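A look at the structure
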Amino acid sequence: MADRRRFLRPALWTAAVLGGGGVLFALLLSAQIPYAETAAPPAISTPAPAPAPASVLPVSPWTIMGVEPVGVHEGPDDHTLLIQVQIPAGTPDCARDPRFEKVTEENGIIYADAVVTVLAAAVDRCQQKASLELPLTTTSPIANRTVVLNSLTTAAWNKLPDGTWGHCGPLGCDPPADHCAPVRIAQTDGEALSTTTRACDQDWLVADRTNAYRAPSNRVIYRWATEGWQGVMSVRTGGCAEILAKEPQFSKALCEKLATPP
C-alpha cells in the first residue's frame, strides 16, 4: 500500500503540472498577445558607378574659311572655269590648300564653295588679300549654265551675251532692248498699289501711281539711266506746262496729249 502511494504521488504531481501548463497556455492565447515578427534587414542600395568621362577629342588648330570669288573666266576646255578669288595673306599660315568643296550640278546650276584652310590663331594677322586663280571642273560641259559660288555670300555668275562671265541684273542676262518693255517699266512699281503708264519713249516715262487706298494718283516723270528708269519729279496737271517748267528737256511729243491725273 505504501508503494502504491509512492507511485501515485509523482504521477499526480506530473499531471497537475501538465494540467496547469495547459491552462496557462490557453490563457495566453485568449489574451491575444502579439508576437514579434522578425523583420527583413533593410536593403542597402549600391550607388551606380559614375559614368566614365567622355573622351576629349583634340581640337584642331586649323579652320576652314570661305574666300571671295571676284572673277570667272573660260577654262582650257568646256568642263573647266578659272575662278579668280581673294584669299587671306600675311603669313604662310593664312591660307593653305585653296580649293573647291561641295561641287554639285543640278537643275542647270553649278554649285561650289571656294575655301582655304587657315590657322585659327593667325586669323587676326591675315588681313591682307592676295589674288589667286582656281580651276573649277565639272562632270558635264559648262555651256551657259549658271554658276553659284559660295551661295550665301555672293551673287550667281552667268555667261553674258558677249561671251564673258558676270552677274546678271534683275531682268536676267539678256534683258529686252526696248526701255518701254513691260518688264522694264514694272521695275518702277515699288510699293505702289497700282501703276498706269501714260507715255513712254526710250528716254522718258510718264506713269500715274496710286500709293495708298482711296488716295489720288501721283503722276511721276522718269528719266532713263544706265541702271533703268529713275524718277525725277511729280506733277499734278495735264499737258506740258508743269513738266517743261521743271524739266525743259522733256519731250513735248509725250506731254501734249496728257490728261490731268485722276
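Everything below is about the structure shown above.
Now for a description of the structure that goes with this document. Since we're looking at a predicted model, the values are computed, not measured.

**A word on the pairing of strand 13 (residues 228–235)**
Here 7 bridges tie strand 12 (residues 218–225) to strand 13, and the two strands are oriented antiparallel to one another. Bridge assignment links Trp 224 to a residue of strand 13, and that residue is Trp 229.

**Remarks on the side chain of Asn 150**
As for its placement among the helices and strands, Asn 150 is situated in the loop between strand 7 (146–149) and strand 8 (158–159). Here Ala 114 takes part through its backbone nitrogen, which lies 2.7 Å from a polar atom of the side chain of Asn 150. In this view, Asn 150 contacts Gly 66, Val 67, Pro 69, Ala 112, Asp 113 and Ala 114; residues no more than four positions away in its chain are not counted.

**What to know about the pairing of strand 4 (residues 96–106)**
By the bridge criterion, 7 bridges tie strand 4 to strand 5 (residues 109–119) in an arrangement that is antiparallel. Opposite Glu 101, over in strand 5, you have Asp 113 as the bridge partner. As consecutive antiparallel partners, strand 4 and strand 5 are separated by 2 residues, and within that stretch Asn 107 has a phi angle of approximately 55 degrees, a positive value.

**As for the state of the cysteines**
Inspection of every chain in the model, using the stated rule, returns 3 disulfides. Note on cysteine connectivity: Cys 240 is disulfide-linked to Cys 255, with sulfurs 1.8 Å apart. The sign of the S-S torsion, about 100 degrees, decides the handedness of the disulfide formed by Cys 240 and Cys 255: right-handed. Residue Cys 240 is located in the loop between strand 13 and helix 3 (241–246), and its partner Cys 255 is located in helix 4 (residues 252–255); the two are separated by 15 residues in the primary sequence. Residue Cys 255 is classed as buried on the basis of its relative accessible area of 0%.

**Examining unusual backbone geometry**
Although it is not a glycine, Asp 97 adopts a positive phi angle of roughly 50 degrees. Residue classification places Asp 97 among the partly exposed positions, given a relative accessible area of 49%. We note that Lys 102 has phi near 55 degrees; this positive angle belongs to a residue other than glycine. Turning to its location among the elements, Lys 102 is positioned in strand 4.

**Considering the pattern of salt bridges**
Taken as a whole, this structure holds 8 salt bridges when the rule is applied. Glu 101 is paired through a salt bridge with Arg 99; the nearest N and O atoms lie 3.1 Å apart. We note a salt bridge from Arg 219 to Asp 208, for which the minimum N-O separation is 2.8 Å. Taken together, the positions of Arg 219 in strand 12 and Asp 208 in strand 11 (residues 204–210) put the pair 11 residues apart, joining distant regions of the chain. Judged on exposure class, the residue Arg 219 and its partner Asp 208 are both buried.

Reading guide: rules and limits
Residues numbered from 1 in each chain as written. Predicted model: local features only at pLDDT ≥ 70, side-chain atom pairs only at ≥ 80, totals over all residues. Heavy atoms only, no water. Pairing = 2+ DSSP bridges. Helix = DSSP H or I, 4+ residues; strand = E, 2+ residues; numbered from the N terminus. Polar contact = N/O pair within 3.5 Å; in protein donor to acceptor, adjacent residues only side chain to side chain. Contact = heavy atoms within 4.5 Å. Disulfide = S-S within 2.5 Å. Buried < 20%, exposed > 50% of the residue type's maximum accessible area, 1.4 Å probe, protein only. Salt bridge = Lys/Arg side-chain N within 4 Å of Asp/Glu carboxyl O.

Purely spatial values, then, with no claim about function.
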